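These are the residues of each chain, in order.
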Amino acid sequence: MSNTAETPTQTASIESAPDELIQAARVRLIDRGGHLSLDEVRALSGLPTSKLGELMELAHEVRLARCGDMVEVEGILSVKTGGCPEDCHFCSQSSKFDTPVAATPFLDTEEVLEAARETAALGASEFCIVLAVRGPDEKTLQRILELVPIIGDETGLQVAVSAGILTEDQARRLAEGGVHRYNHNLETSRSYFPNVVTTHDFDERWETCELVKHNNMELCCGVLLGMGETDEQRLELIGHLQDLQPTEVPVNFLNPRPGTPLELRPITPAKDALKWVALFRLALPEVILRYAGGREITLGDMQEAGMTAGINALIVGNYLTTLGRTPDQDLDMLDRLSMPVGVLTKVV
């Protein structure tokens, strides 16, 4: 993927009229199969609110043209909850904050398998096991490596893992152990990151993301919008993702958790959320763009609109420490929209 315009004469300038900007993006992304530069995404982000519908329509066209009509469905399970030593200010699983989430031990194998079976019964293709840790110690890593093949053999699901910061050796062993996709979110831009986390830095997250790719696992690298970042910092984050080129980008919206430093942050307005969903699609035309945490509280009855603004994947059921919609509600939504559930990537 290149962030450089291929033919400058084909590119509308940042000062162009709104209709010209949208048409130039359509030509680049659909007719030519190219990519937008960050400056071109920035120009689109400045479109008037009256153009939101057209921006969303273009994002949906790009999603269909570059990714097809399939929607990937995933279930996630917190297999080791709470007690995390890190201070991510949005997270109720941090031991640094006085929250209602208590630390619990690693779930036993049958509990994990039951959740995986329920996920498979929904028609899902992906199951992600998530751990509230800075990174896996040897005992934890061994437990993950035991679970991954059991889940795959029992359910046929592709298994993803989210276990924090990795070393080179850990990334290699996870890849060799059959982990299909590894989740490690940037969450926010480099410039805003110190306002959200102080116990580790942005470079540590970035290095883990690169280790995942280097070891031929698919990289799932999510964002969390609504933590107080500016629009320019959201664009900075988009630029990071254009450079990193993950397979999947889960889009989370802050659902303020009691006891965390961000508990009083206002909810992201629905129209703002839809605008940024569309912009992430236009900036990352081939990515699996997944609805993730906070969509229920942020979008409410407007969640279907996001499915026609660039989204092509869902986490169904509950999240790590918050409740989602029932899986049936999401599957009914996809049925109303005539969007088939399918596999977007496979283990080679």
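Conventions and cut-offs
Residues numbered from 1 in each chain as written. Predicted model: local features only at pLDDT ≥ 70, side-chain atom pairs only at ≥ 80, totals over all residues. Heavy atoms only, no water. Helix = DSSP H or I, 4+ residues; strand = E, 2+ residues; numbered from the N terminus. Rg over C-alpha atoms; globule rule 2.2 N^0.38 Å. Buried < 20%, exposed > 50% of the residue type's maximum accessible area, 1.4 Å probe, protein only. Contact = heavy atoms within 4.5 Å. Areas by Shrake-Rupley, 256 points an atom, 1.4 Å probe, with all protein chains shown as cover. Lys, Arg positive; Asp, Glu negative; His and termini not counted. Charge placed at Lys NZ, Arg CZ, Asp CG, Glu CD. Phe/Tyr/Trp six-rings, centres within 6.5 Å; stacked < 30°, edge-to-face > 60°. Pairing = 2+ DSSP bridges. Right-handed = clockwise from strand over helix to strand, strands pointing away. Axes fitted to C-alpha atoms, helices over the stretch in contact; angles between N-to-C directions. Parallel < 35°, antiparallel > 145°, perpendicular 65-115°, else oblique. Left-handed = near helix turned anticlockwise from the far one by under 90°. Nonpolar A, V, L, I, M, F, W, Y, C, P; charged D, E, K, R; others polar. pLDDT = per-residue confidence, 0-100. Disulfide = S-S within 2.5 Å.

Colleague: Before we move on, could you go through the overall build of the chain and cite the residues and values that matter?
Modeller: Looking only at helices and strands, the chain features twelve helices and nine strands. At 19 Å, the chain has a C-alpha radius of gyration in line with the 20 Å of a compact globule built from 348 residues. The 348 residues of the chain split such that 56% are buried. Within the chain, residue pairs in contact and separated by at least 24 positions form 75% of the contacts whose partners lie at least 6 positions apart. For the chain, the computed accessible surface area is about 14,000 Å², with 51% contributed by carbon and sulfur atoms. If the 30 positive side-chain charges of the chain are averaged to one point and the 53 negative ones to another, these points end up 1 Å apart.

Colleague: Could you give an account of unusual backbone geometry, naming the residues involved and the relevant values?
Modeller: Look at asparagine 216: it is not a glycine, yet its phi comes out positive at around 65°. Locating asparagine 216 in the fold gives a position in the loop between helix H7 (202–214) and strand S5 (218–220). One non-glycine residue with positive phi stands out, namely serine 338, at about 55°. Within the element layout of this structure, serine 338 appears in the segment after helix H12 (327–336). Using a relative accessible area of 61% as the deciding quantity, one classes serine 338 as exposed.

Colleague: Tell me about the packing of aromatic side chains, and please be specific about residues and values.
Modeller: Counted by the stated rule, this structure contains two aromatic pairs. Taken together, a centroid distance of 5.8 Å and an interplanar angle of 80° make the contact between phenylalanine 193 and phenylalanine 202 edge-to-face. There is no split in this pair, since phenylalanine 193 and phenylalanine 202 are both buried.

Colleague: Summarise the pairing of strand S8 (residues 288–291); cite the residues concerned and give the values.
Modeller: Each regular strand displays side chains that alternate between the two surfaces of the sheet. The two faces of S8 match: Ile288 and Arg290 on one face and Leu289 and Tyr291 on the other face are all buried. Here strand S7 (residues 248–253) pairs with S8 via four bridges, running parallel. Note that in S8 the partner of valine 251 across the bridge is tyrosine 291. Considered for its hand, the β-α-β crossover made up of S7, helix H9 (residues 270–283) and S8 is right-handed. Across two bridges, the pairing between S8 and strand S9 (residues 313–315) is parallel. If you follow arginine 290 over to S9, its bridge partner there is alanine 313.

Colleague: Please provide a residue-by-residue account of the packing of helix H1 (residues 18–31) against helix H2 (residues 38–45), values included.
Modeller: Running from N to C, H1 and H2 point in directions that differ by 140°, and their axes come no closer than 10 Å. The orientation of H1 with respect to H2, classified from their angle, is oblique. Along this stretch, H1 crosses H2, giving a crossing that reads as left-handed. Here H1 contributes Leu21, Ile22, Ala25 and Arg28 to the contact with H2, which in turn contributes Glu40, Ala43 and Leu44. Among the residues forming the contact of H1 with H2, the class breakdown is five nonpolar, no polar and two charged.

Colleague: Outline the environment of phenylalanine 127, supporting the account with residue identities and numerical values.
Modeller: Mapped onto the elements, phenylalanine 127 comes out in strand S2 (residues 126–131). Under the relative-accessibility criterion, phenylalanine 127 is labelled buried at 0%. Residues phenylalanine 127 and phenylalanine 97 lie 30 residues apart in sequence; the distance between their C-alpha atoms is 29 Å. Beyond its immediate stretch of four places on either side in the chain, phenylalanine 127 contacts Glu74, Gly75, Leu77, Val112, Ala115, Ala116, Thr119, Ile151, Leu157, Gln158, Val159 and Ala160.

Colleague: Just give me the short version of the pairing of strand S3 (residues 158–162), but keep the residues and values in it.
Modeller: Counting buried positions along S3 yields five of five residues, so the element is predominantly enclosed. Judged by which residues are buried, S3 turns out to be covered on both faces: Gln158, Ala160 and Ser162 on one side and Val159 and Val161 on the other are all buried. Two strands pair when backbone bridges link them, and S2 and S3 are joined in this way by five bridges, in the parallel orientation. Across the sheet, residue isoleucine 129 finds its bridge partner in S3, namely valine 161. Crossover S2 to S3 through helix H5 (residues 138–155) is right-handed. Taken together, the two bridges between S3 and strand S4 (residues 181–183) define a ladder with parallel strand orientation. Bridge pairing in S4 links alanine 160 to arginine 181. Tracing the backbone out of S3, into helix H6 (residues 168–176) and back to the parallel element S4 gives a crossover that is right-handed.

Colleague: Can you explain the confidence of the model for the chain? Please cite residues and give values.
Modeller: Residues with a pLDDT of 70 or more make up 92% of the chain, whose mean pLDDT is 92. Long-range and interchain partners of residues 1–14, a stretch whose pLDDT sits below 50, account for 29 contacts in this model, where long-range means more than four residues apart.

Colleague: Now, about the state of the cysteines: what can you tell me, with residues and values included?
Modeller: Using the criterion set out here, one finds zero disulfides in the structure. Residue cysteine 91 stays outside any disulfide, its sulfur separated by 6.2 Å from that of cysteine 88, the closest cysteine. Not part of a disulfide, cysteine 128 finds its nearest cysteine sulfur in cysteine 220, a span of 6.8 Å.

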